[in-house]
Each structure stands twice: as structure tokens, then as C-alpha cells.
Amino acid sequence: GKTVIQSLQLAAEDINARGSYHVQLLLEDDGTQTKNTVSAFEKLAEQDVAAIIGATWDFTSNAIMSRAGRKKIVLFNTSTLLEALNNSDAQGYAFVNASTAESEAGPFEKYLEAAQPKNAVVVFANNSWGETQLKVYKRIAASHGVKIIEELRSTLFDANEWNVFIAKIKQKNANLVVLLLNKNDLTLFIRRG
């Protein structure tokens, strides 16, 4: 979140320095809680904003899509996979400039071509982002003859028992472990692993 805010502040300063437009940023933190995302959206909407940038995650973004459409407020998402968002709920008021799941998986496909593993275990986030990624990575793995021998869904957002997951992975003796996780879970998993 901090890097997003810093980027937005730099962009606003740049736009304001040109003098054609004046951009004022109003910031709300949803704490990665859907109910807080809705409250933040409503608070910003009451301030007659021209657009809302965010929310960060698919489940928080999807919680406000229909509200953006009803209130005719542009909702711009910079971080969530297009395939994981319910943009149609925003009735033409939602825009995304984030990567697609397919483009994010490009390096994975190149790795499979070079390493040619026979099987893999996939650990994925328990949300629509993780499920979207899983579909794409499974399809790519299958197209390269890689058998997915286990799919492990995380149990909670940022609060998983990674030691249990790691034990299951070790039992499978896979050639490859694919981690489709958010940054915090990924960092914890790698530390435990």
C-alpha cells in the first residue's frame, strides 16, 4: 500500500506541476477488509470524487464494483488480474491496467520448456485471484506434459500454517512447487521452507 500511495503522490505532483489540471488525492485504507473497502468507497463517494483508484485485491475490488456502476464513479484498478474482477458489475465504470494471468504466467511457461519437470504441486491463494492463477498455470502445465499431483489451497489470507503445507509437499516428492500466493504468504512460506 505504501508504494502505491507514493506512486500516486508522485503522479499527482507531476500533473499539478504542469498546471493543466489539479489533482487532489484523498486516501482511505481498507486494511484488506471487504467491509472497510465498502465504507472507504462510500466515504470517498460522499466527497464527490472524480475517480477511485483501488482497491488492491480482487475480493475488495469486487465488493465495490456494483457501487461504482450505480453511483457512476470511475473505478480504476492497477493491481488485480483482469480475469479475477467482476468488471461488468460496474456497468462500464471499471478500468484495469494490471497484467492478465496469462501474461504473468509467461516466465512459468519458459521455465517448463527449459526444465521439463514431470510433476508439480501447486499452492494457491484461497480467493478468486488464486483460483484464476491456478486455472492458467494448470492449463500451461498440462500443455507441457506436467502432471499436477497436488493442489493445496491456502486456508486464510496471511494466516496459514505453512509447516503443515510444507510437510504435505515433501511427502509428494514433486519435481516442482508452484506458489501462487500473495507477497506476505509467499515470504512466510519461503522462510518456513
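Here the structure is shown first, and the text comes after it.
Quick caveat, the model's predicted, so the values are computed rather than measured.

Caption draft 1: Summary view of the nonpolar core. Formed by 20 residues in total, the largest nonpolar core has its most connected members in Phe108, Leu112, Tyr137, Ile140, Leu176, Val178 and Leu180. Elements with a contribution of two residues or more to this core: α6 (106-115), β4 (119-124), α7 (128-143) and β6 (176-180). The element best represented in this core is α7, accounting for six residues. Among all residues touching Leu180, those that are not within four sequence positions of it are Val122, Val123, Phe124, Ala125, Trp129, Gln133, Leu134 and Tyr137.

Caption draft 2: Quick look at the pattern of salt bridges. On inspection of all chains with the given rule, the structure shows eight salt bridges. Glu42 is the partner of Arg67 in a salt bridge, and the nearest nitrogen-oxygen pair spans 2.8 Å. Taken together, the positions of Arg67 in helix α4 (residues 65-71) and Glu42 in helix α2 (residues 34-46) put the pair 25 residues apart, joining distant regions of the chain. The salt bridge involving Lys71 is made with Glu42; its shortest N-O contact spans 2.8 Å. Taken together, the residues span a long stretch of sequence, with Lys71 in helix α4 and Glu42 in helix α2 at a distance of 29 residues. Residues joined in a network through salt bridges with shared partners are Glu42, Arg67 and Lys71.

Cut-offs and rules
Here the residue index of a chain counts from 1 through its sequence in written order. Under the rules for a predicted model, residues below a pLDDT of 70 receive no local features and side-chain atom pairs below 80 are neither given nor counted, while totals for whole chains, interfaces and linings still include all residues. With hydrogens and water stripped out, all remaining heavy atoms of the structure feed into the side-chain values. To define a nonpolar core, start from buried Ala, Val, Leu, Ile, Met, Phe, Trp, Tyr and Cys residues and group those joined through side-chain atoms within 4.5 Å. Buried residues are those whose accessible area, probed at 1.4 Å on protein chains only, stays under 20% of the maximum for their type, while exposed residues exceed 50% and partly exposed ones sit between those limits. By definition, any uninterrupted DSSP run of H or I lasting at least four residues is a helix, any uninterrupted run of E lasting at least two residues is a strand, and each is numbered from the N terminus. A contact between two residues is defined here by any heavy atoms of the two lying within 4.5 Å. By salt bridge we mean one thing: a side-chain nitrogen of Lys or Arg within 4 Å of a carboxyl oxygen of Asp or Glu.

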